[in-house]
Structures are given as C-alpha cells and as structure tokens.
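Okay, here's what each chain looks like letter by letter:
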Amino acid sequence: MEIFAGGVNESDKVFGGVLNACSVAAPIRHQVLQLAVIFVSGISQLSPGAYFLRRDLFPCIVTIITSPETEQFTFEASVLLALLANFHKTDAAKMNPYLRCIRETKTERLMRKICWASNFAADAVVKSYQNVSDDSPPSLSATFGAFLSSMRPDRALSSTPVDLPRELFKYQPIEACVILLPIFEFLHANERFHTILLEPLTVDAEQQATARTPPLPYTLLTLASYLLTHASSVHAPRAIGYAHLSLNILLVMAESKIIMEVFCNRGDANIRLCHQRPPLLAFTGPRKPVCAILDCCVLWLRHNLHKRLEVHSYLNCTRVCYHVLWYLKKERISLEYHWLELWKALIGLLDFLANKLDGLITTGGVERLIQETLMILDLALCHSGAILPNAVAVHELVYEVVRSVEVLRKQQTTLDKLALPGSGSRRRQSVMNYNSDALANILAVTALYELRIREAKATSARSALRAVAKEIDRDGLSYGKDLHGDEPP
C-alpha cells in the first residue's frame, strides 16, 4: 500500500482505480489484466488482496474470456480468476466470491474457452520438455539406424548414459504450466466442468487424429507424466509444487464418476507419456485413458523416493490408485494393463519406507501412507477376479506379493514404531484396526502360497510362479475379509 498508493489513506482510491480499469477498452484491459496477475501473485495472502474481494470481478473476467474481441486474453484471465479464488481459501472460503462463482456458474461458453486456452498452454509445456530430450516412440527406421550406428568401431564399446543429466530440466516446467491452477479449481468445484472437459472425446477418431493438439484430457495426462517424472530430480520447490497440483487433478479425475466412466470405456486413446528417465514405461498403442492415470502414478512412485520425501504427494498418488481400482471393482471392469509395474512400484514404496524410515525428512503422514498403500494391495487381492483381465495377471499379483513377503512383514514393525503414544482415540483405533486387518489379509495369503511353493520344491522364479498358478487354478484365490464397501473412503 505504501509503494503503490503512497500510504493507507490513498489505497482505496488507487486500488479502486485498478479494479475500474478492468472494464475499459480491450488493449488497455489486457495490460491491466497482466498487472493484476503480477500483483495478486506478488502479494500472496497479504491484506491488499482484500480489495479484489470487495468488488466481484467475476462478471468482468467472464466477459473478457467469452467476448470475441478479448478472448485472446483467456490465459491471463483464467489465471487471475484462479489466483483470486485462492485468496485465504482455507480460512475464509465463504467470504471469497470467486470460489462461489466457480462452483455455481453454468456458463458453458466460459468453460469451453478455458479448456481451449488450457490445451494450448499445457501442450506448450509438454513440448518444452520434449525439446530438452526427444522421447518419441521409436520408429522402425530410427531403431535400425541406431543399431547400425552402434556397430561402428568407434561406438561399439562406448558407454552410453542411462539417465539424462538432471541439470537439463532445472528450468522446467515453463511458466505456462500455471494453467493447471484454473483447471484444478473448476474440476474440483464444478461438476458441469467435467462434462465440458470430456466433450472433445465425443468427436470421432478421424477428427481427433487431424487435430493439431490432442484433446485436453489427454494433454493433461501427458503433462502429468512429465511433471511427475522430473518433479524431484532437481529438488526445485516449484517443480514439486506443480507435480503436487497435477496429482490433485488426477485425484479429482479418479473420484469423478463422469470422467471415470468415459476413461474406462474408450479403448482408442493414444496418449503419449514421458520416456525420459529409466526405468521406462513400455510404449503402448491405443488403450483406455484410465491406463494413463495409473502410468502417471507409477512414474511418481518410481522417480521420487528421496530422503526429503513428499509424503502428501505420495498420499495423493496412492489415493488415485485406490479410487481407480475401487471403480474397476464396482463396475466389474477387467482392465488390460501392465499391472506388474504397479505392484512393483507400490511394494518398492513400502520397502523404501521400511528401510529408510530413520533418515527420512518429512512433515509426518508416513504411517498413513503405509496404511493406504497396504489397502491398495488388499483391494487388488480381494477383488482380483473383477479387476484383473485374466488368470495370468492374478497369478503374477499373488507371486509378486509372496516374493515380497519380507517387505510386507516389516510393515507391522514400522507401523508400531510410528504409532504415537497416547493417541488412543476411538476413531484412530478403528482406523488402525481396519488397516491391521488389511495387513493380516495380505500376510495370510503370502503364508499360504509360500507354503505351496516350498512343498513344490521350486528352485526358480518360473517354477514358483507355476506352483502359485496351479494352486489358484485348482482352488481359486483363497482370501480373507473384504474390507472395501460400497463407497470408497
């Protein structure tokens, strides 16, 4: 207030003038809009932001986005709206008119324009990652060329780096990534926006193939894969923040019946995902979009296990996985997917937490993270017949759990160590019992099939898997108590 207005006494006049300028002629309005975005970003949650709550700018922002003469400013207007919606969001949500307007608006033209601008911005962020390192799917000619190149005498014995230097990505993502904020605000608050988001998927495959950019839902999944792969590679708070925002968007998608119904029933989605850090995801052809959600979770689980653990983001990731599996179970959708990669990533997380617990730097939540990860495995085992596509996938899940029995046994010791003394509330005890039942279920099934493997005198992974398959095919998968009700937690 001192810098811009010369003191508190003049601030009403100066900031009131800024707000009035938002409704002037288009060229000046664009400059005022840019200034407003910079200003609201800069003051964060400080008191000058209250001027933007005193006068509701939502109708003005809607006009900027929907009017033909100003629609080119949709990006800045959408970002400003999302920033204003986040002013004292948690402690004064009822006083924030922008949150209410986002929740209650039915203006479909507004939502379509935001989706239109967001798709171009998100696609630009994806291309900035790809410009750093081309991870295009290998073509036949490229593969053959690489083979011939590797046979040259000067390259035959040369060592090739298995991972790109992390410094290459230190300036990623570019600023356009901020468009994720308005996308999240509308997805989280307004169910009508879910339908608008999915509209491009109703276009036939030929029209999608000729479009310059993929539909926004697919672009968001592609962008999420790059953000989640590189989030903590350079330990930049900004990159981690955008990855967390992306996981929030994935969670809203996984919780939305409207979105999940479309994502689980379209089988022709050719969504490009990040292949810039080993171990790489398998290149796949057209498949259901829900597979890309799970792949994004696998990328986060694989590439972000560090001493400074982002526990809250890991919780969001496990909740995405749980909600996807729960929806598949509820609708009895047997999904064709490389499930083994997900099981290995989840068990890898449990192994990391058990072995590195004493050295982790967190703000808490590790106990909850272990419990929720166990619940995913319990859900997969309990309802494997409804979720997994065939008997082989069931055999692989059981064998992977049995193979990781020592990791799973460590979880009880870890949970006991994390339990806080004196935290014996009734609700906490019921949650602990609930998750103890999940671990008991898993350990019981591992003990059963571990015994069958010993009885078969298996000496290799192949023979052990064969022993598990034989037992399941003969008697079915013997499992304990079903802990997963008609509604997800």
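For clarity, every value in this text was computed on a predicted model and none was experimentally measured. (Residues numbered from 1 in each chain as written. Predicted model: local features only at pLDDT ≥ 70, side-chain atom pairs only at ≥ 80, totals over all residues. Heavy atoms only, no water.)

1. Regarding the nonpolar core
Inference 1: Met253, Leu325, Trp339, Leu342 and Trp343 are the most contacted members of the largest nonpolar core, which has 155 residues in total.
Inference 2: Here the element with the most residues in this core is helix 17 (residues 311-331); it accounts for 12 residues.
Inference 3: Not counting residues up to four positions away in its chain, the partners in contact with Trp343 are Leu325, Leu377, Ala380, Leu388, Leu397 and Glu400. (Core = buried A, V, L, I, M, F, W, Y, C linked by side-chain atoms within 4.5 Å. Buried < 20%, exposed > 50% of the residue type's maximum accessible area, 1.4 Å probe, protein only. Helix = DSSP H or I, 4+ residues; strand = E, 2+ residues; numbered from the N terminus. Contact = heavy atoms within 4.5 Å.)

2. Topic: empty space enclosed by the protein
Inference 1: By the definition in use, this model includes 1 cavity of 30 Å³ or more.
Inference 2: Roughly 40 Å³ of volume is contained in the largest cavity.
Inference 3: Counting only elements with at least two residues in the lining of the largest cavity, the list comes to helix 13 (216-230) and helix 14 (237-255). (1 Å grid on protein atoms, 1.4 Å probe; cavity = no way out; pocket = protein on both sides within 12 Å on 5 of 7 lines; lining within 4 Å. Points joined across faces, edges and corners; volume = space filled by probe spheres on them.)

3. Notes on the pattern of salt bridges
Where charged atoms from two side chains of opposite charge approach closely, those side chains can pair.
Inference 1: Scanning all chains against the criterion turns up 23 salt bridges.
Inference 2: The shortest N-O distance in the salt bridge between Arg100 and Glu104 comes to 4.0 Å. On the criterion of helical spacing, the pair formed by Arg100 and Glu104 is a turn pair, its members being 4 residues apart in helix 7 (residues 97-104).
Inference 3: Residue Arg100 is classed as partly exposed on the basis of its relative accessible area, which comes to 36%.
Inference 4: For Lys330, the salt bridge goes to Glu331, with nearest N and O atoms at 3.1 Å.
Inference 5: One network of salt bridges, with partners in common, ties together Arg452, Glu455, Glu471, Arg474 and Asp475. (Salt bridge = Lys/Arg side-chain N within 4 Å of Asp/Glu carboxyl O.)

4. Here we look at the packing of helix 18 (residues 339-356) against helix 22 (residues 405-418)
Between two packed helices, what matters for the description is the angle formed by their axes and the separation of those axes.
Inference 1: Contact pair helix 18 / helix 22: the axes reach a minimum separation of 9 Å and the direction vectors enclose 45 degrees. In terms of axis orientation, helix 18 runs oblique to helix 22. You can see that helix 18 and helix 22 cross each other, and the crossing is left-handed. Touching Ile347, Leu350, Asp351, Leu353, Ala354 and Asn355 of helix 18 are Val407, Leu408, Lys410, Gln411 and Thr414, all from helix 22.
Inference 2: Among the residues forming the contact of helix 18 with helix 22, the class breakdown is 6 nonpolar, 3 polar and 2 charged. (Axes fitted to C-alpha atoms, helices over the stretch in contact; angles between N-to-C directions. Parallel < 35°, antiparallel > 145°, perpendicular 65-115°, else oblique. Left-handed = near helix turned anticlockwise from the far one by under 90°. Nonpolar A, V, L, I, M, F, W, Y, C, P; charged D, E, K, R; others polar.)

5. Re unusual backbone geometry
Inference 1: Going from Gln172 to Pro173, the amide bond is cis rather than trans, its omega being -5 degrees.
Inference 2: With an omega of -5 degrees, the peptide bond running from Pro278 to Pro279 counts as cis.
Inference 3: With respect to the secondary-structure elements, Pro279 resides in the loop between helix 15 (257-265) and helix 16 (289-303).
Inference 4: Backbone geometry places Ser44, a non-glycine residue, at a positive phi of 55 degrees.
Inference 5: Take Ser44: it is sitting in the loop between helix 3 (26-43) and helix 4 (51-54).
Inference 6: Owing to a relative accessible area of 43%, Ser44 belongs among the partly exposed residues under this scheme.
Inference 7: Although it is not a glycine, His88 adopts a positive phi angle of roughly 50 degrees.

6. Comments concerning the packing of helix 13 against helix 16
Inference 1: Contact geometry of helix 13 with helix 16 gives a least axis separation of 8 Å together with a crossing angle of 10 degrees. When the axis of helix 13 is compared with that of helix 16, the two are roughly parallel. In this structure, helix 13 contributes Tyr218, Leu221, Ala224, Ser225, Leu228 and Thr229 to the contact, and helix 16 contributes Pro289, Ala292, Ile293, Cys296, Leu299, Trp300 and His303.
Inference 2: Tallied by class, residues from the contact of helix 13 with helix 16 come to 10 nonpolar, 3 polar and no charged.

7. Looking at the side chain of Glu372
Inference 1: Topologically, Glu372 is positioned in helix 19 (residues 366-382).
Inference 2: There is a polar contact of 2.9 Å between the side chain of Glu372 and the side chain of Arg319.
Inference 3: The contact partners of Glu372, leaving out residues within four places of it in the chain, are Leu315, Thr318 and Arg319. (Polar contact = N/O pair within 3.5 Å; in protein donor to acceptor, adjacent residues only side chain to side chain.)

8. Some words on the confidence of the model for the protein chain
The predicted structure's coordinates, where accompanied by low pLDDT, should not be read in detail.
Inference 1: Considering every residue of the protein chain, the mean pLDDT works out to 86; 88% of them sit at 70 or more.
Inference 2: Between residues 154-161, whose pLDDT stays under 50, and residues either more than four places distant or in other chains, the model counts 3 contacts. (pLDDT = per-residue confidence, 0-100.)

9. A few points about the environment of Leu164
Inference 1: On the secondary structure map, Leu164 appears in the loop between helix 9 (140-150) and helix 10 (180-189).
Inference 2: Remark: the alpha-carbon pair of Leu164 and Ser133, spanning 31 residues in sequence, is separated by 8.4 Å.

10. Some words on the environment of Ala292
Inference 1: Of note, Ala292 is situated in helix 16.
Inference 2: With 71 residues separating them in the primary sequence, Ala292 and Leu221 have C-alpha atoms 6.7 Å apart.

11. Some details on helix 7
Inference 1: Considered for burial, the residues of helix 7 that qualify are Pro97, Tyr98, Leu99, Cys101 and Ile102.
Inference 2: Put simply, Asn96 is the residue that caps the front of helix 7, since its side-chain oxygen is 3.0 Å from the backbone nitrogen of Tyr98.

12. Remarks on the packing of aromatic side chains
Inference 1: Throughout the structure, instances matching the rule amount to 8 aromatic pairs.
Inference 2: Ring plane angle 35 degrees and centroid distance 6.1 Å describe the contact between Phe39 and Phe52, whose orientation is recorded as tilted. Here the residue Phe39 occupies a position in helix 3, and Phe52 occupies one in helix 4, the gap between them amounting to 13 residues. This pair shows no difference in class: Phe39 is buried, exactly as Phe52 is.
Inference 3: A centroid spacing of 5.3 Å and a plane angle of 40 degrees characterise the contact between Phe186 and Phe193, whose relative ring orientation is tilted.
Inference 4: Each member of the aromatic cluster is reached from another via a ring pair, and the members are Tyr129, Phe169 and Tyr226. (Phe/Tyr/Trp six-rings, centres within 6.5 Å; stacked < 30°, edge-to-face > 60°.)

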